[in-house]
Amino acid sequence: MEHSTGSVADLVTGIVLLMLIAAIATLISKRLDKIPLTILLVFVGIAIAIGSEHLPFLGALADFHLTPELVLFVFIPTLIYESAFNLNARQVSRNIWPILTLAIPGLLLSTVIIALIFNFLTDFFLGGLPGGGFMVALLLGAILSATDPVAVISIFKQLGVPDRLTVLVEGESLFNDATSLVLAGLLLAIVNTPDFTFSGGVVVSGIGDFLVVFLGGVLVGWVLAMIVGYTLGSIESHADIEITLTTILAYFAFIIAEHGFHVSGIMAVVAAGLVIGSWGKSKISPSTSEFMEHFWEYLAFLANALIFVMVGMQIDLAALWASIDLIGIVVLAMLVSRAIVVFSFVPLLGKLPGADPIGMPFRQVMYWGGLRGAIALAIVLSLDLDPELKDTLIAIVMGAVLFTLVVQGLSIEKLVKFLGLDALSASDNLAKLEGDKNAREEGLHRLNSLVSGGLFSQRIADNIQERCERNLADLDLEISALNETMKPEDKSSNLAMRCLAREKARVYELFSRGLINEWAFRELDHTLAVQLDDVRYNQLMPTANIKMSIGKAVDLLLIRLLEPVPGLSPIVERLRTSRIIRDYDVAWGRFRSASSVLRGFEEIAGETDSGQQVMSQVRKIYEEILKTTKGQIDEVAELYPEFVETMQEQLGQRLLLVAEHESVEDAAKLGMINKGIASKILKDQEERLRQLKQDNISAAFEIEVSELLRKVPLFHGMESEFDTVASYLRPRTVPRGTAIIKQGQAGDSMFLIARGIANVLRQDGDDVNQVATLYAGDIFGESALLHGAPRNATAVAATPCSLYELKQEDLYKLMADYPKIAQAVEEVDKDRTNSNTLTGYKPS
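Counting restarts for each chain: residues are numbered from 1 in the order of the written sequence. Totals for whole chains, interfaces and linings use all residues, but because this is a predicted model, local features are given only for residues with pLDDT of at least 70 and pairs of side-chain atoms are given and counted only at 80 or more. Heavy atoms from the whole structure form the basis of all side-chain values; hydrogens and water molecules are not counted.

Caption draft 1: Local environment of the overall build of the protein. Segments assigned H or I by DSSP are reported as helices when at least four residues long, segments assigned E as strands when at least two residues long, and all are numbered from the N terminus. Helix and strand counts for the protein stand at 33 helices and 8 strands. Per-residue burial over the protein gives 49% buried out of 844 residues. Put simply, 79% of the contacts in the protein that link residues at least 6 apart link residues at least 24 apart. The method behind every accessible area is Shrake-Rupley, applied with a 1.4 Å probe, and residues are considered shielded solely by the protein chains displayed. When the accessible surface of the protein is summed, it comes to about 40,700 Å², and 59% of that surface belongs to carbon and sulfur atoms. Relative accessibility decides the category of a residue: with a 1.4 Å probe and only protein chains considered, values under 20% of the type maximum give buried, values over 50% give exposed, and everything between is partly exposed. Contacts are residue-level and defined by heavy atoms, with any inter-residue pair within 4.5 Å sufficient.

This is the structure we're talking about:
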């Protein structure tokens, strides 16, 4: 027991010492400002390894070793999840083909090139192993093809390089880590298999196994992230629980994928991080969001610090020197393979239709920034090989990792600056200058307030004010000079991006205050982000159009899949109704965000010197957005007054709860309310808000069937039979822009419009013409039923519509029981047939 207690004490002492060393190294790195932290930590680790033999207080660190289990099960889930969580998922999807090409076929090609060069230039051979030295060389190539650009990414953040370059480098690293791990596992199995024979079948089988492991990991991570995401959505402002759930997700995704389903744990963590970092962010309570980001940043810092210190501690300089010739050859092979992959694959991808080419400066940084790190070390340390061979491979990999960290890591900053990738764009530079100017003006204002409050020297204040005014004058000159160099289209784009950025901030504020739901926040945030990209890269201007998000696309797909399934019509109808509710919330949120832009338009324009023409252009665009969204809101209000009344009632209650919540928090901070009492009040408010969210708004869309039937001429004088007729009618709610029936399709039902407007469109060759507009009380779709012919036109919901559907068999029953209905339907059909004849339309 005493031994056990001593071991625990030594372990805790060692960990605390490593954390202390990491903290000191971080301070030194910030002071030096020339050496990246990860590289400095490696040097510190080497110094610890040498000094532990002579300094007693470092003895507690002597038994600390970087084991593969420690890397893969403790450090890697944290590092991979944090990186994926903070990556811009939309930018990843925009650049997915370059990323995947470099991460999969690129890594495979790199593996082969390294193996060929290494095998050709050395006599590194282990008899008795299948394939001899070449298979071992392939294994080495797979290990050293995984990039780990931690040091590079930290430099990128300091220099402010373009976001796309960061996404390309970091995205490749996330995906090729998994590829390297899987490929190394397959090659190791071959190396350790007696009487192995290489064949085409082995290659096909290996590719199949790789795809199963790779895509299986993605699926496991996605499923677990969706479960955690929906769980987070049901929790209101419990930071401890929410952060704990994401921590569990990062580690369980890896463990369940690796040991439960035997697929890629790294890809599971990547998928989980990307899902929670994009879709899942709207599930995280706004009050927890910033805290969660800081939490994961700290964990990633700690994991990186401990990894690189222990990498340095594990480096055996004598063993490296003994293998210096092999290390030199493998470094050469790595550089050649990386050059071939980056400078051959990437330009070819840029020539594909719709691809966004990657310029030569980006390619040069991607080439030189391909550092190696923790994954390569974890794989080589876990190899089950002959001890002598394993020690040699460890020395080679350690030497290669050390070379990339020291040589490439220390020179990447100079390369970025030499290529001018750290230079700010005109709009970013203008924003920086204006931010500096606004900060100095605010400082002057506070200085004047300090003087007016007394007890501060007017003389000192005047001196400070004089210096600040000189600086402000210099900034004004710089801003004016920069404005003169900008083209009118650049000024328009700059102003449009500022307006969209203001909208994004306003949308998040509405969401954090509970004034729009998470669906509306996701749709609006996605739309504004896409429009920002359109302005930045394609010189397009903002519009009122809402971009199709993945969530909405999945929703529409789900409706289409469930629609034909018998017995699921109530579920499908609820999904359709929820779309109208969400569309209304999205329109309301866009109206509010666009209004905030117009209210602060002069402030947003700031010092851009955009000119009246540019300002007038952008202002008109936002006035049009406001007009369009207001029209959509008014449209729903006119058609569904009960729904809008219910929504406004909910909005009013949410506003009151938010105000009450903020008031209690402020009172608690000032000590006016005991913290225990405040906590109880806040908990009650959160419960009221949760119940408010669960209110069934869909009930506001329900329409009395008798209300509809009285509007339909078919059923005039049949009030006593309304119940019978109603039993055959099936409610259907259709969002704006949805095709209700399509020309050329077989028809098995007709429709009655209860509320809303539908446009009838006919296609004749390449021409599409609107031939009619239908209103509440109109019927359509009867022709296909009566004549057994395909639909002769398309009906599209011009506004949100509430319909009732009457199936063919039910119509025939009604026509048989009620001859008046049969006569009325036939008259409507006859009138429309005559109209078709007069217009010369012939159904195909």
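Okay, back to it.
Caption draft 2: Local environment of the sheet that holds strand E5 (residues 767-774). Being paired, for any two strands, means DSSP has found at least two bridges between them. Within the open sheet, the 4 strands sit side by side as E2-E7-E4-E5. Their pairing is antiparallel. Two strands in the sheet have a free side with no partner beyond their single neighbour: strand E2 (739-741) and E5. Taking each pair of neighbouring strands and ignoring which way they run, the sheet shows an average axis angle of 35°. Relative to E5, strand E4 (residues 758-764) runs antiparallel, the two sharing 7 bridges. Counted as the bridge partner of Arg762 is Asn769 from E5. Orientation is described by lines fitted to C-alpha atoms, with helices fitted over the stretch in contact, and by angles between N-to-C directions that extend from 0 to 180 degrees.

Caption draft 3: Broad picture of the pattern of salt bridges. Every case where a carboxyl oxygen of Asp or Glu lies within 4 Å of a side-chain nitrogen of Lys or Arg is listed as a salt bridge. Tallied over the entire structure, the rule returns 17 salt bridges. A salt bridge links Arg440 to Asp436, with the shortest nitrogen-to-oxygen separation between them at 3.2 Å. With a gap of 4 residues between them, Arg440 and Asp436 both fall in helix H19 (residues 426-452), about one helical turn apart. On the basis of relative accessibility, which here comes to 29%, the residue Asp436 falls in the partly exposed class.

Caption draft 4: Local environment of the sheet that holds strand E3 (residues 749-755). Pairing is antiparallel in the open sheet, where 4 strands are placed in the order E1-E8-E3-E6. At either end of the open sheet lies a strand with only one pairing partner, and these are strand E1 (730-734) and strand E6 (779-780). The pairing of E3 with strand E8 (residues 801-807) spans 6 bridges and is classified as antiparallel. Within E8, the position partnered with Ile753 by the bridge is Leu803.

Caption draft 5: Looking closely at the layout of surface pockets. Lining residues are those with an atom within 4 Å of a point, where the points come from a 1 Å grid over the protein atoms alone and group into cavities, where a 1.4 Å probe fits but cannot get out, or pockets, open sets with protein on both sides within 12 Å along at least five of seven lines. Grid points are joined across faces, edges and corners, and a volume is the space filled by probe spheres set on the points. What the second largest pocket holds in volume is close to 1,000 Å³. Forming the walls of the second largest pocket are 32 residues, and the residues nearest its centre are Glu563, Val572, Arg576, Arg732 and Ile740. Secondary structure elements with two or more residues in the lining of the second largest pocket: helix H23 (550-562), helix H24 (569-599), E1, E2, E3 and E8. Residue contributions to the lining of the second largest pocket peak at 6 residues, all from H24. Ten residue types, Ala, Val, Leu, Ile, Met, Phe, Trp, Tyr, Cys and Pro, are classed as nonpolar, four, Asp, Glu, Lys and Arg, as charged, and the remainder, Gly among them, as polar. The class makeup of the residues in the lining of the second largest pocket is 15 nonpolar, 5 polar and 12 charged.

This is a description of form; function is not addressed.
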